[in-house]
Amino acid sequence: MNKEFRTDIAPCTVTDEDMLLINKLTVKELSKDEVYTFKVILCDNEIDRDCERFDIAALEKMAELFVGVTGIFDHNPGSGNQTARIFSAKCEIISGKTTSLGDPYTCVMAKAYMPRTAKNADLITEIDAGIKKEVSVSCQAEGFICSVCGEDMRHGHCNHVKGREYGGKLCHCILSDITDAYEWSFVVIPAQVNAGVVKGYKDTFTDTSDIIKSVRNGDCVKLTKEQSRILCDYIASLEARAEDGSLFRNTLADEIMKFALTAVPSLDEDCIRTMCADADTKQLIKLRDAFREKAAEVIPLSPQLKAKKETVKNHNNEYKF
Ligand SMILES: [Zn+2]
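In short, a report on the structure. Bear in mind that the values here come from a model prediction, so they are computed numbers and not experimental data.

1. Some points on the overall build of the protein
Check the secondary structure of the protein and you find eight helices and twelve strands. Each of the 321 residues in the protein was classed as buried or not, and the buried ones make up 38%. Across the protein, contacts joining residues at least 24 apart in sequence account for 68% of those joining residues at least 6 apart. As displayed, the protein has an accessible area near 18700 Å², and 54% of this comes from carbon and sulfur atoms.

2. Description of the pattern of salt bridges
In this structure the tally under the stated criterion is 13 salt bridges. For K32, the salt bridge is made with D16, and the minimal N-O distance between the two is 2.9 Å. Here D16 lies in helix 1 (residues 16-25) and K32 lies in the loop between helix 1 and strand 2 (35-44), a separation of 16 residues in the sequence. For K32, a relative accessible area of 37% gives the class partly exposed. For R273, the salt bridge goes to D270, with nearest N and O atoms at 3.0 Å. Of the two residues, R273 and D270 are both situated in helix 6 (residues 269-278); the distance of three residues between them amounts to about one turn of the helix. A single network of salt bridges, built from pairs that share partners, joins E255, R288, D289 and R292.

3. Brief notes about the side chain of R154
Following the sequence through the fold, R154 ends up in the loop between strand 7 (132-146) and strand 8 (165-166). Take R154: its relative accessible area is 5%, and that puts it in the buried class. Engagement of the side chain of R154 in a polar contact is seen with the backbone oxygen of E142, the distance being 3.5 Å.

4. What to know about the environment of R49
For R49, the location among the structural elements is in the loop between strand 2 and strand 3 (52-54). Residue classification places R49 among the partly exposed residues on the basis of a relative accessible area of 37%. The sequence separation of R49 and F5 amounts to 44 residues, and the corresponding C-alpha distance is 9.7 Å.

5. Notes on the packing of aromatic side chains
With the rule as written, the count across this model stands at one aromatic pair. Each ring, one from F87 and one from Y113, has its centre 6.1 Å from the other, and the planes form 55°; the classification is tilted. Remark: Y113 occurs in strand 6 (residues 104-115) and F87 occurs in strand 5 (residues 82-98); sequence separation between them is 26 residues. Given a relative accessible area of 3%, F87 falls into the buried group. We note K97 situated over the ring of Y105; from NZ or CZ to the ring centre the distance is 4.1 Å.

6. Notes on a nonpolar patch on the surface
On the surface, Y234, I235 and L238 cluster together to form a nonpolar patch covering roughly 240 Å² of accessible area. Structurally, L238 is set in helix 5 (residues 225-263). Among the residues examined, L238 registers a relative accessible area of 37% and is labelled partly exposed.

7. Some details on the coordination of the zinc ion
Reference values for coordination geometry: four tetrahedral donors around a metal ideally subtend 109.5 degrees, six octahedral donors ideally subtend 90 or 180 degrees. At this site the zinc ion is bound by C146 (SG), C149 (SG), C158 (SG) and H160 (ND1), with donor distances of 2.1 to 2.4 Å. Here the donor residues of the zinc ion are spaced in sequence according to C-x2-C-x8-C-x1-H. Assessed through its relative accessible area of 2%, C146 is described here as buried. Given the relative accessible area of 35%, C149 is considered partly exposed.

8. Some thoughts on helix 2 (residues 56-65)
Looking at helix 2, one finds that the buried residues are A58, L59, M62 and A63. The buried side chains of helix 2 occupy one side of the element, clustering within an arc of 140° when seen end-on.

9. Brief notes about the pairing of strand 5
Strand direction decides the pairing type here: strand 5 and strand 6, joined by nine bridges, are antiparallel. Residue pairing for strand 6: E92 is matched across the bridge by C107. Hairpin geometry of strand 5 and strand 6 is characterised by an intervening segment of five residues between the two adjacent antiparallel strands and by a positive phi of about 90° at G102.

10. Focus: the packing of helix 4 (residues 208-216) against helix 5
At a minimum axis separation of 10 Å, helix 4 and helix 5 run at an interaxial angle of 90°. One element, helix 4, and the other, helix 5, form an angle in the roughly perpendicular class. Facing helix 4, whose interface residues are T208, I211 and I212, helix 5 presents Q227, I230, L231 and Y234.

11. Considerations on the environment of S185
Here S185 is to be found in strand 10 (residues 173-187). A C-alpha to C-alpha distance of 9.1 Å links S185 and A84, two positions 101 residues apart in sequence.

12. Some remarks on the nonpolar core
Residues F38, L42 and W184 are the most contacted members of the largest nonpolar core, which totals 45 residues. Among the secondary structure elements, those contributing two or more residues to this core are strand 1 (2-11), strand 2, helix 2, strand 5, strand 6, helix 3 (121-128), strand 7 and strand 10. Judged by nonpolar contacts, the second largest core, of twelve residues, contains I256, M257, C276 and A279.

Scoring rules and cut-offs
Here the residue index of a chain counts from 1 through its sequence in written order. Owing to the predicted nature of the model, reporting of local features is limited to residues with pLDDT of at least 70; listing and counting of side-chain atom pairs is limited to 80 or more, with chain, interface and lining totals taken over all residues. As a rule here, side-chain values come from all non-hydrogen atoms in the structure, and water together with hydrogens is ignored. For the purposes of this entry, the term helix denotes a DSSP run of H or I that reaches at least four residues, the term strand denotes a run of E that reaches at least two, and both are numbered from the N terminus. Three labels apply to residues, based on accessible area from a 1.4 Å probe with only protein chains included: buried if under 20% of the type maximum, exposed if over 50%, partly exposed otherwise in between. In this description, contact between two residues means that some pair of their heavy atoms is separated by no more than 4.5 Å. For accessible areas, the Shrake-Rupley method is used with a probe of radius 1.4 Å. Any residue's cover is judged against the shown protein chains and nothing else. Between Lys or Arg on one side and Asp or Glu on the other, a salt bridge is scored when a side-chain nitrogen of the former is within 4 Å of a carboxyl oxygen of the latter. For this analysis, a polar contact is any N or O atom pair within 3.5 Å, provided that within protein one partner can donate a hydrogen and the other can accept it, and provided that sequence-adjacent residues contribute only side-chain to side-chain pairs. For Phe, Tyr and Trp, where Trp contributes only its six-membered ring, two rings pair if their centres lie within 6.5 Å, and the inter-plane angle classes them as stacked under 30 degrees, edge-to-face over 60, or tilted in between. By definition here, charges over rings are those cases where NZ of Lys or CZ of Arg is within 6 Å of the ring centre and within 35 degrees of the ring normal. Any residue with relative accessible area above 30% and no salt bridge may belong to a patch, with like charges joined within 9 Å and the nonpolar Val, Leu, Ile, Met, Phe, Trp and Tyr side chains within 5 Å. Note: metal donors comprise N, O and S atoms at 2.8 Å or less from the metal (3.2 Å for Na, K and Ca); water molecules are not included, so apparent gaps in a site are possible. Relevant arc is that of directions from the helix axis to the C-beta atoms, nothing else. A strand pair is defined by DSSP finding two or more bridges across the two strands. All axes are obtained by fitting lines to C-alpha atoms, using only the stretch in contact for helices, and the reported angles, taken between N-to-C directions, cover 0 to 180 degrees. Working definition: roughly parallel below 35 degrees, roughly antiparallel above 145 degrees, roughly perpendicular at 65 to 115 degrees, and oblique for all remaining angles. To form a nonpolar core, buried Ala, Val, Leu, Ile, Met, Phe, Trp, Tyr and Cys residues must be joined to one another through side-chain atoms within 4.5 Å.

Structure representation (structure tokens):
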């Protein structure tokens, strides 16, 4: 999944300790003068615009996994991509700041470096000037815990919907159990609020109900080819059932027309058609049964006809004597 996060990029003074960490990641040993470093918050424990938040263990895991990962500055298409690499990351509690839930605000504070080259000069000037960017992190989470019931929102028995309130509390998804950190990048802040927010659940959907549940939850989901095929098969099966339903309705409507005109000949055909079109299938069955009963009073149907024949037969027999 990708997570976008609006953040400040703050330049740092390079320390000896930083150089030790940086030189662990470089092929050729660099000197303090050759590198530029900055701090960036990669993610935090605040509920985001997708009504999701990371738990503390997830943040700690990401701090561990993002060290050494290269990020891209995709801010100026004309200048080609510039990259920076994270050389340290820590899960930090920012004192005095709390989240909307009242928890201590905790974030993954990363330090990244880039070589001071001519290509990076403009970007370094921009960071020094205090640019605000949207950082996008891409990671793999295995836990999607419901804040209301504690069940897994995709595989468990949870029927809560993210963004809705239950007992005055906002339902949100707690992302936990981070298994991988793929990449991070700086993106131009999108004009549309939700632009660029794409979550790929990779192969974590195991059946159709998971996919449907995620869609119902209002998630922006990205499916694999196989998942798309499963969903298409499901839609095709629903379409086939809908066709059966449609045929059944037509049969009911035909019966209603026949019985209604028999029971009440003054009824208008268009009127019956409109009535049938507006009714649901259960109502159609009730209408059919009601009109059939009425019609039977006018022209008795088979069981009564049989009885009548017998009566007639008996009646005739009476005349034989
Ligand atoms: Zn739930």
